[in-house]
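Descriptive analysis of the structure
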Amino acid sequence: MNKIGVFMLFFCLTITHLPSLTNAKHKSKQHHRQHHHRHHHRSPKYVPSGTHAILTVNNFARGGDGGGASECDGKFHPLPQRVVALSTGWYNHGVRCGRMIKIKARNGRSTVAKVVDECDSRRGCKNNIVDASETVWEDLRLNTDDGEVPVSWIML
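Residues numbered from 1 in each chain as written. Predicted model: local features only at pLDDT ≥ 70, side-chain atom pairs only at ≥ 80, totals over all residues. Heavy atoms only, no water.

If you check an unreviewed UniProt entry, the chain appears there as Ripening-related protein grip22-like from Vigna radiata var. radiata. Under the heading Subcellular location (unreviewed entry), UniProt records this for the chain: "Secreted". In the Sequence similarities (unreviewed entry) part of its UniProt record, the chain is described as follows: "Belongs to the kiwellin family." (UniProt positions renumbered as here; feature names shortened; annotations may be inferred.)

Okay, structure coming up:
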């Protein structure tokens, strides 16, 4: 086969396989974006000695700002109940439903609350949230007007 024949063979093979090569590259980028997007919604890793979080306030009563009934038990939780919703990753498909957590504020005060709901990180909740009833805030002697306060929490 002469040089022109080899060149034509190489050219035809390249043209024939080029769409699949570029498509594979596109799929790889698309997979990377999906993979990255999936990690975007992950909560920081739970640390048994104390996981850092941001405490927010929520009204878990019927008609409260929590929306509907809690994910864990389908019920509303009016005051003075000590209840929380955890970010999606920490909620972990309901694994922590009904479990008690201990929340500690930077002022040294702590309290115990029951996990009753998910703070959905796919729908606007940040990934590091412990969304708590006002009673939890009162126990910690924190001002709900602050909106967001750094805390740490552990499973009991």
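**Things to note about the overall build of the chain**
The helix and strand tally for the chain stands at three helices and six strands. Helices and strands appear in the chain in the N-to-C order α-β-β-α-β-β-β-α-β. Looking at the 156 residues of the chain, the share that counts as buried comes to 35%. Taking all contacts inside the chain whose residues are at least 6 apart in sequence as the whole, residues at least 24 apart take part in 75%. Put simply, the chain shows about 10100 Å² of open surface, and 55% of that area lies on carbon and sulfur atoms. (Helix = DSSP H or I, 4+ residues; strand = E, 2+ residues; numbered from the N terminus. Buried < 20%, exposed > 50% of the residue type's maximum accessible area, 1.4 Å probe, protein only. Contact = heavy atoms within 4.5 Å. Areas by Shrake-Rupley, 256 points an atom, 1.4 Å probe, with all protein chains shown as cover.)

**A closer look at the state of the cysteines**
Going through the model one piece at a time under the given rule, you end up with two disulfides. Covalent S-S linkage joins cysteine 119 and cysteine 125, the inter-sulfur distance amounting to 1.9 Å. Looking along the S-S bond of the cysteine 119-cysteine 125 disulfide, the torsion reads about 105 degrees, which is the right-handed sense. Take cysteine 125: its relative accessible area is 12%, and that puts it in the buried class. Of note for the chain: the bonded cysteines, numbered N- to C-terminal, pair according to 1-2, 3-4. (Disulfide = S-S within 2.5 Å.)

**What to know about the layout of surface pockets**
If a probe the size of a water molecule is rolled over the atoms, the empty space left behind becomes visible. Taken as a whole, the second largest pocket holds about 150 Å³ of empty space. Taken together, Asn58, Gly66, Gly68, Ala69, Glu71, Ala85, Asp117, Glu118, Cys119, Asp120 and Asp131 form the lining of the second largest pocket. Per-element tally for the lining of the second largest pocket: the top contributor is strand S4 (residues 110-119), with three residues. (1 Å grid on protein atoms, 1.4 Å probe; cavity = no way out; pocket = protein on both sides within 12 Å on 5 of 7 lines; lining within 4 Å. Points joined across faces, edges and corners; volume = space filled by probe spheres on them.)

**Some words on the environment of leucine 140**
Secondary-structure assignment places leucine 140 in the loop between helix H3 (134-139) and strand S6 (149-155). Spatially, the C-alpha atoms of leucine 140 and arginine 109 are 5.3 Å apart, while their sequence positions differ by 31 residues. For leucine 140, the contacting residues outside a window of four places in its chain are Leu55, Ile103, Ala105, Asn107, Arg109, Ser110 and Thr111.

**Focus: the side chain of threonine 111**
The residue threonine 111 is located in strand S4 in this model. Within the local environment of threonine 111, its side chain forms a polar contact with the side chain of aspartate 139, the two groups lying 2.7 Å apart. The contact partners of threonine 111, leaving out residues within four places of it in the chain, are Arg82, Ile101, Lys102, Ile103, Val136, Asp139 and Leu140. (Polar contact = N/O pair within 3.5 Å; in protein donor to acceptor, adjacent residues only side chain to side chain.)

**Quick look at the side chain of glutamate 118**
With respect to the helices and strands, the residue glutamate 118 is situated in strand S4. Owing to a relative accessible area of 17%, glutamate 118 belongs among the buried residues under this scheme. At a separation of 2.8 Å, a polar atom in the side chain of glutamate 118 contacts the side chain of threonine 88.

**Some details on the environment of aspartate 145**
Inspection of the secondary structure puts aspartate 145 in the loop between H3 and S6. Sequence spacing of aspartate 145 and valine 57 is 88 residues, and the spatial spacing of their C-alpha atoms is 9.1 Å.

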